[in-house]
Amino acid sequence: MIPYLLFIPLIVGMLIYLVLPNDKDSLSKIVAIIASLLTLILNILLYADLNSIYTISWFSISSYSFNIELTFNYINYLLSIIVSFIGFLINIYAAGYIDSSSRRFFFELSLFELGMLIFALSYSILALLIGWELLGISSYLLIGFYYERKDAAFSSRKAITTVMLGDIFLLVGVALIFSQGFSSLYGITAADNTAILYGLIFILIGAFTKSAQFPFHEWLSDAMSGPTPVSAYLHSSTMVKAGVFLILLMLPEYQLYNLTDPILIIGFISALIGAINALSERHIKKVLAYSTIEDLGLMFIAIGLNLPYVALALFVFQTFYKAALFMYSGVVIKANDDREDIYKVSVDKGLIASISSLIAVLSLIGIFPLSGYFGKGFLLDSSIRSMSIGEYSYIAFALLVIIELLTSLYIFRWWLIPRRSKSNRSKVSNLMNAPFYILVIINALAYPIFLLFLYYITANGYSATYSIISIYTIIDYIIAGLAAYLSYKIVKSGYDKHIISFKSIVNSFYAALYNALNAFSLALSVFDSYIYRFYLYISNLFIILSSKVPIIQNGRLNTYIVIFIIGIIMVIAVLVI
C-alpha cells in the first residue's frame, strides 16, 4: 500500500497543472484538499504495515540492481503522519490565502508533499537522495512563487544555492558510505573506518544546511518571502526538519564514531543566534523563522546530549505550535493589506483571536499543559536528569535557561507590539481561520497526545521518564513570567525600538569573514596571474622553437650531420662535468 500513498500527491499534482482548465482555480483548491485528506486517511491506515520494507526495482547495471526501498518503522511513520496531517490543514488554509495562480501553487505544493513523503519513508540511499533533492527543487519553486517580486526571486536563489551546497556534501558523504558496501545509511556497524567517518561528517554538514543551522542559517529567514502557507508548511513543520530527522535516524552511527559533540555545539550556537535575532527582528514572519532556527537547534542539542526521545518529542510537538503561529501571522498580514512589519500592523483584539494567538505563544514558551511544554520542558528536565552526559548536563541546563529567557522575551514582544494600535481589520477568509483553530485546540490538549507519544516510543525501544511538575519546570515558569513582565514594560515604553540588533553583529562577522576571504582570493589571483604568465612564456617559447623546426628539418644531409655532432659534444660535456 505504500506506493499508493506516494501516487496520490503525484497524480493530483499532474491533474491540477496539466488537466484542469486555467480558469478553474477554485476546482484546483477542492481537488488539492480532497487529495490531502485521502493521503492522511491512507497514512493512518498504513499503521498496519509498521516495520515493513517495500522494494521497487528501478534499473540494473551489470549484476548490480538499483532499488528504491521504502520503510515504515516507527520514526518514519511519525514523520509521514506529520507531513500528511499538516499538509491537509495547509491545503485548507492555502485555499483561503492564495488569490491567484492557485493551480501552479497547488501543483508545487503537491510536488513538495511527494518529496517529503519519499524522504520520510526512505530506507535505501537512492530513495533518500530522490526525496532530498525533490524537497530542494520544490521549496525553490514555492519560495519564489511570487517571482515577479525581486525579494522573492532573490530569496529563492539564495535558498537553493545554500541548500545545494549542503547537498554536495551529502552526496559525497553518501558516496563514501556506499563505497564501503552499505546500501542504506542506517545500521552501519563498522568502526575505525576513515571513509565512513568522513562520510558521516559530510552528511552532517548537509543536514545542518537543510535544517538551517549555523553557519548556513540565513537562508531560512529570507525564505519568508514565499506565501505564508509555504512558511507554515515547508519551513516550520516539515522540510527544515529533514536534517534533524536524518541525523536522528543515524544517531547510533554518530555515537559509534564519537561525533555527538559537534552536533551539540552547533545546536547551541544556532539556538542562541536564532533566539537573539528574533528579539530584534521586525518582520512578522522572520521572527518566527529565527524561532524555528532556535527550535531546530534545540533538537540538535537533544541529539548531541544522546537524548533521542527528547529530540523526537521536540520534533513532534514543535509542529503544532509553530504551524499555528505562522498561520496566525498570515491572518494578520491579510487583515493589514499584506503589511509584514510588526510596528505597522494591528490585530483584532476580540476574545477569540486574542485567546487563540496567546495559546500558540504560550505553547512556544513551554507552559503546561500546552504542546511546547512536552517538547522544551522535556528537554529542560532531561538535560539535568540524565546521568549519561556528566558535566555537560549543568552547562547545557544553564544555556537552555538563557535560551528560554530569550525565547519568552522575543515571542511576547512579537505578540504585544501589534496590539499597541487600534485594529482596522478587514475580512479574512474562514478557510484561513479553520485550520488555525484546529491547531490551537491540539496545542491546548497536548497532554493526552504526549501520553500516547510516550507509550509509542517506549513500545519501540526507548525508555523515557518525565515529571510533569519539577523544580526545573518551575524555573521555566518563573522565566516566562519575568519575560512577560519585562516585554510588557519595554513595549509599553517604546524602548523596544532601541534594542541593539544582534543581527548587525552577526552580519559584521560575516562581512569580516567575507573581506578576509576576498583578500585571500585576491592574493591567490595575483599568484595565479604569475603562474599564468610563466606558462604563457613557456608556451611562447615552444611556439618560437616550433617555428624554427622547419629550418632544421630541411632534408639536407650535411645539416643532420652537424646537428648529430653537436649532440655528441653536448652528451660528452655532460658526462665529463
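Anything mentioned here points back to the structure above.
What this report covers is the structure whose coordinates are included nearby. (Residues numbered from 1 in each chain as written. Predicted model: local features only at pLDDT ≥ 70, side-chain atom pairs only at ≥ 80, totals over all residues. Heavy atoms only, no water.)

Re the overall build of the protein
For the protein, the helix and strand inventory stands at 22 helices and 2 strands. By residue count, 54% of the 577 residues in the protein fall in the buried class. Contacts in the protein between residues at least 24 apart in sequence constitute 80% of all its contacts with a sequence separation of at least 6. For the protein, the exposed surface amounts to about 25500 Å²; the carbon and sulfur share of it is 69%. (Helix = DSSP H or I, 4+ residues; strand = E, 2+ residues; numbered from the N terminus. Buried < 20%, exposed > 50% of the residue type's maximum accessible area, 1.4 Å probe, protein only. Contact = heavy atoms within 4.5 Å. Areas by Shrake-Rupley, 256 points an atom, 1.4 Å probe, with all protein chains shown as cover.)

Some words on unusual backbone geometry
Along the chain, Phe214 connects to Pro215 via a cis peptide bond; the corresponding omega equals 5 degrees. One can find Pro215 in the loop between helix H7 (194-210) and helix H8 (218-222). In the Ramachandran plot, Asn258 falls in the positive-phi region, its phi being about 55 degrees despite a non-glycine side chain. You can see Asn258 is positioned in the loop between helix H11 (251-256) and helix H12 (260-280). According to the relative accessible area criterion, Asn258 is exposed, its value standing at 64%. Notably, Asn306 is not glycine yet its phi reads approximately 60 degrees, a positive angle. Within the secondary structure layout, Asn306 lies in the loop between helix H13 (284-304) and helix H14 (308-335).

As for a nonpolar patch on the surface
Nonpolar side chains collect at one region of the surface, where Phe527, Ile531, Phe534, Tyr535, Ile538, Leu541, Phe542 and Leu545 lie side by side and expose about 820 Å² of accessible area between them. Looking at where Phe542 falls in the secondary structure, it is placed in helix H21 (residues 502-552). Judged by its relative accessible area of 56%, Phe542 falls in the exposed class. (Patch = residues over 30% accessible without salt bridge, like charges linked within 9 Å, V, L, I, M, F, W, Y side chains within 5 Å. Salt bridge = Lys/Arg side-chain N within 4 Å of Asp/Glu carboxyl O.)

Topic: the packing of helix H3 (residues 74-97) against helix H18 (residues 430-444)
Close contact between H3 and H18 brings their axes to 6 Å; oriented N to C, the two are set at 150 degrees. Residues Phe85, Ile86, Leu89, Ile92, Tyr93, Ala95, Gly96 and Tyr97 of H3 touch H18, and the partners they reach there are Leu431, Met432, Pro435, Ile438, Leu439 and Ile442. (Axes fitted to C-alpha atoms, helices over the stretch in contact; angles between N-to-C directions.)

Description of the nonpolar core
Counting 179 residues, the largest nonpolar core has Phe119, Leu185, Leu246, Trp414 and Phe453 as its most contacted members. The biggest single contributor to this core is H14, with 20 residues. The contact partners of Leu246, leaving out residues within four places of it in the chain, are Phe119, Leu128, Trp132, Leu170, Leu185, Tyr186 and Ile203. (Core = buried A, V, L, I, M, F, W, Y, C linked by side-chain atoms within 4.5 Å.)

Description of the pairing of strand E1 (residues 53-61)
Judged from the 8 bridges that link them, E1 and strand E2 (residues 64-71) form a sheet pairing that is antiparallel. Bridging across to E2, Ser60 finds its partner in Ser65. Hairpin remark: E1 followed by E2, antiparallel, with 2 residues in the connecting loop; positive phi at Ser62, about 60 degrees. (Pairing = 2+ DSSP bridges.)

Some details on the packing of aromatic side chains
According to the stated counting rule, one finds 20 aromatic pairs in the structure shown. When the centroid spacing of 5.1 Å and the interplanar angle of 70 degrees are considered together, the rings of Phe208 and Phe300 count as edge-to-face. Taken as a pair, Phe208 in helix H7 and Phe300 in helix H13 lie far apart in primary sequence, 92 residues in all. Assigned by exposure class, Phe208 and Phe300 land together as buried. Aromatic side chains Phe245 and Phe315 sit 6.2 Å apart centroid to centroid with 40 degrees between the ring planes, which places their arrangement in the tilted category. Here the residue Phe245 occupies a position in helix H10 (residues 242-249), and Phe315 occupies one in helix H14, the gap between them amounting to 70 residues. The same class applies to Phe245 as to Phe315, namely buried. Here a set of aromatic residues connected by ring pairs shows up, and it is made of Phe85, Phe317, Phe320, Tyr373, Phe374, Tyr447, Phe450 and Phe453. The ring of Phe315 is capped by Lys241, whose NZ or CZ atom sits 4.9 Å from the centre of that ring. Seen from the ring of Tyr97, Lys334 lies directly overhead, with NZ or CZ sitting 4.8 Å from the centre. (Phe/Tyr/Trp six-rings, centres within 6.5 Å; stacked < 30°, edge-to-face > 60°. Lys NZ or Arg CZ within 6 Å of the ring centre and 35° of its normal.)

Regarding the pattern of salt bridges
A complete count under the given rule lists 8 salt bridges for this structure. The closest approach of N and O atoms between Glu108 and Arg104, which form a salt bridge, is 3.7 Å. Of this pair, Glu108 and Arg104 both sit in helix H4 (residues 102-121), 4 residues apart, which is roughly one turn of that helix. Each member of the pair, Glu108 as well as Arg104, is classed as buried. Note that Asp295 is salt-bridged to Lys376, the shortest N-O span being 3.5 Å. Of this pair, Asp295 sits in helix H13 while Lys376 sits in helix H16 (residues 376-385), and the two are 81 residues apart along the sequence. Comparing Asp295 with Lys376, the two get one shared label, buried.

Comments concerning the packing of H10 against H13
At a closest axis distance of 10 Å, the pairing of H10 and H13 adopts a crossing angle of 5 degrees. One finds that H10 runs roughly parallel with respect to H13. Counted together, Gly243, Val244, Ile247 and Leu248 of H10 and Leu296, Met299, Phe300 and Ile303 of H13 form the full contact between these two elements. Considering only residue class, the contact of H10 with H13 consists of 7 nonpolar, 1 polar and no charged. (Parallel < 35°, antiparallel > 145°, perpendicular 65-115°, else oblique. Nonpolar A, V, L, I, M, F, W, Y, C, P; charged D, E, K, R; others polar.)

Remarks on H14
End to end, H14 covers 41 Å across 28 residues, agreeing with the expected 40 Å (1.5 Å per residue, within 8%). Its maximal kink placed at Gln318, H14 deviates by approximately 35 degrees. The buried fraction of H14 amounts to 28 of the 28 residues, a majority that puts the element mostly inside the structure. Asp337, located one to two residues past H14, shows a positive phi value of around 55 degrees. (Expected span 1.5 Å × (residues − 1). Bend = angle between axes of the 7 residues up to and from the residue.)

Examining the side chain of Ser225
For Ser225, the location among the structural elements is in the loop between H8 and helix H9 (228-233). In this structure the side chain of Ser225 is engaged in a polar contact, spanning 3.0 Å, whose partner is the side chain of Ser155. Within the structure, the side chain of Ser225 is placed 3.2 Å from the backbone oxygen of Asp222, a separation counted as a polar contact. In this structure, Ser225 is in contact with Ile143, Tyr146, Arg149, Asp151, Ala152 and Ser155, ignoring residues within four places of it in sequence. (Polar contact = N/O pair within 3.5 Å; in protein donor to acceptor, adjacent residues only side chain to side chain.)

A short note on the side chain of Thr260
Among the secondary structure elements, Thr260 is positioned in helix H12. Every residue in contact with Thr260, bar those within four places of it in the chain, is listed here: Leu251, Tyr254, Gln255, Ile303, Gly304 and Asn306.

Remarks on the environment of Ala207
Tracing the chain through its elements places Ala207 in helix H7. Assessed through its relative accessible area of 0%, Ala207 is described here as buried. Residues Ala207 and Phe245, spaced 38 residues apart in sequence, show a C-alpha to C-alpha distance of 8.8 Å.

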